[in-house]
Amino acid sequence: MNDKEYEKQKKRVEKLFKKWRDPLGLGWWRITISYSREHAKGDTRYAPPDVNGIYDCVFDITCDYYYKIATIEAYLPVIKDIKDENLERYFIHEMMHIILKPMQHKEKAPDEELVATSLADAFLWVVEGVKEKKL
């Protein structure tokens, strides 16, 4: 990934962070975003299916809920191929893991993924409802 593409994808993620951090109630967390020029390597608690020999992970997060510190790893080579509306959903999903962290358990990782996705969708639907004046 060249520098120009790296900066373009980084700005997309930064825009989402600025848009969603406070509305999600995470303004009091110290959140750092780390940007990778490579695909994810290794295993996480819940690894997505291996696609064409590439572990195709968009974001990964580590957090310490005792001290309210989190780091989001953004895999820019994957992000560059994702439409904005999908990237927003994936980003909110990752932020939900911060909220869910106290309940995290390795055996429940697939359930956590489902809950993170459901919460991300709920936030997006509420915002859409407000925009359309349904709420």
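For clarity, every value in this text was computed on a predicted model and none was experimentally measured. (Residues numbered from 1 in each chain as written. Predicted model: local features only at pLDDT ≥ 70, side-chain atom pairs only at ≥ 80, totals over all residues. Heavy atoms only, no water.)

(A) Region of interest: the layout of surface pockets. By volume, the second largest pocket amounts to about 170 Å³. The wall of the second largest pocket is formed by Arg12, Lys15, Leu16, Lys19, Asp84, Glu85, Leu87 and Glu88. Taken together, the residues of the lining of the second largest pocket break down into two nonpolar, no polar and six charged. (1 Å grid on protein atoms, 1.4 Å probe; cavity = no way out; pocket = protein on both sides within 12 Å on 5 of 7 lines; lining within 4 Å. Points joined across faces, edges and corners; volume = space filled by probe spheres on them. Nonpolar A, V, L, I, M, F, W, Y, C, P; charged D, E, K, R; others polar.)

(B) A look at the pattern of salt bridges. Summed over the entire model, instances satisfying the criterion amount to six salt bridges. Across the pair Lys19 and Glu88 runs a salt bridge, and its minimum N-O distance is 2.7 Å. Note that Lys19 is positioned in helix α1 (residues 3-20) and Glu88 in helix α3 (residues 84-100), a separation of 69 residues in sequence. By relative accessible area, which is 41% here, Lys19 ends up partly exposed. According to the relative accessible area criterion, Glu88 is buried, its value standing at 15%. (Salt bridge = Lys/Arg side-chain N within 4 Å of Asp/Glu carboxyl O. Helix = DSSP H or I, 4+ residues; strand = E, 2+ residues; numbered from the N terminus. Buried < 20%, exposed > 50% of the residue type's maximum accessible area, 1.4 Å probe, protein only.)

(C) Spatial organisation of the packing of aromatic side chains. One pass over the full model with this rule turns up three aromatic pairs. With a centroid separation of 6.0 Å and an interplanar angle of 45°, the aromatic rings of Trp28 and Trp29 are classed as tilted. The exposed category is assigned to Trp28, whose relative accessible area is 54%. Classification of Trp29 as buried rests on a relative accessible area of 4%. Their ring planes at 75° and their centres at 5.7 Å tell us that Phe59 and Phe91 sit as a pair that is edge-to-face. With Phe59 in strand β4 (residues 59-64) and Phe91 in helix α3, this residue pair connects regions lying 32 residues apart in the sequence. Each member of the pair, Phe59 together with Phe91, is buried. When the ring centre of Tyr6 is taken as reference, the NZ or CZ atom of Arg37 above it lies at 4.2 Å. (Phe/Tyr/Trp six-rings, centres within 6.5 Å; stacked < 30°, edge-to-face > 60°. Lys NZ or Arg CZ within 6 Å of the ring centre and 35° of its normal.)

(D) Just the side chain of Glu113, in detail. Topologically, Glu113 is positioned in helix α4 (residues 109-131). Exposure remark for Glu113: the relative accessible area of 18% places this residue in the buried category. A distance of 2.8 Å separates polar atoms of two side chains, one belonging to Glu113 and the other to His93. (Polar contact = N/O pair within 3.5 Å; in protein donor to acceptor, adjacent residues only side chain to side chain.)

(E) How the structure looks around α4. When the terminal C-alpha atoms of α4 are compared, their 33 Å separation across 23 residues agrees well with the 33 Å that a helix rising 1.5 Å per residue should span. Within α4 the residues assigned to the buried category are Ala109, Glu112, Glu113, Ala116, Ala120, Asp121 and Gly129. Each element contacted by the buried residues of α4 is listed here: α3. Immediately beyond the C-terminal end of α4, within one or two residues, lies Lys133, with a positive phi of roughly 60°. (Expected span 1.5 Å × (residues − 1). Contact = heavy atoms within 4.5 Å.)

(F) Spotlight on a nonpolar patch on the surface. Side chains of Tyr66, Tyr67 and Ile69 sit close together on the surface and give an oily, nonpolar patch of about 390 Å² of accessible area. Here Tyr67 shows up in the loop between β4 and β5 (69-75). Among the residues examined, Tyr67 registers a relative accessible area of 60% and is labelled exposed. (Patch = residues over 30% accessible without salt bridge, like charges linked within 9 Å, V, L, I, M, F, W, Y side chains within 5 Å. Areas by Shrake-Rupley, 256 points an atom, 1.4 Å probe, with all protein chains shown as cover.)

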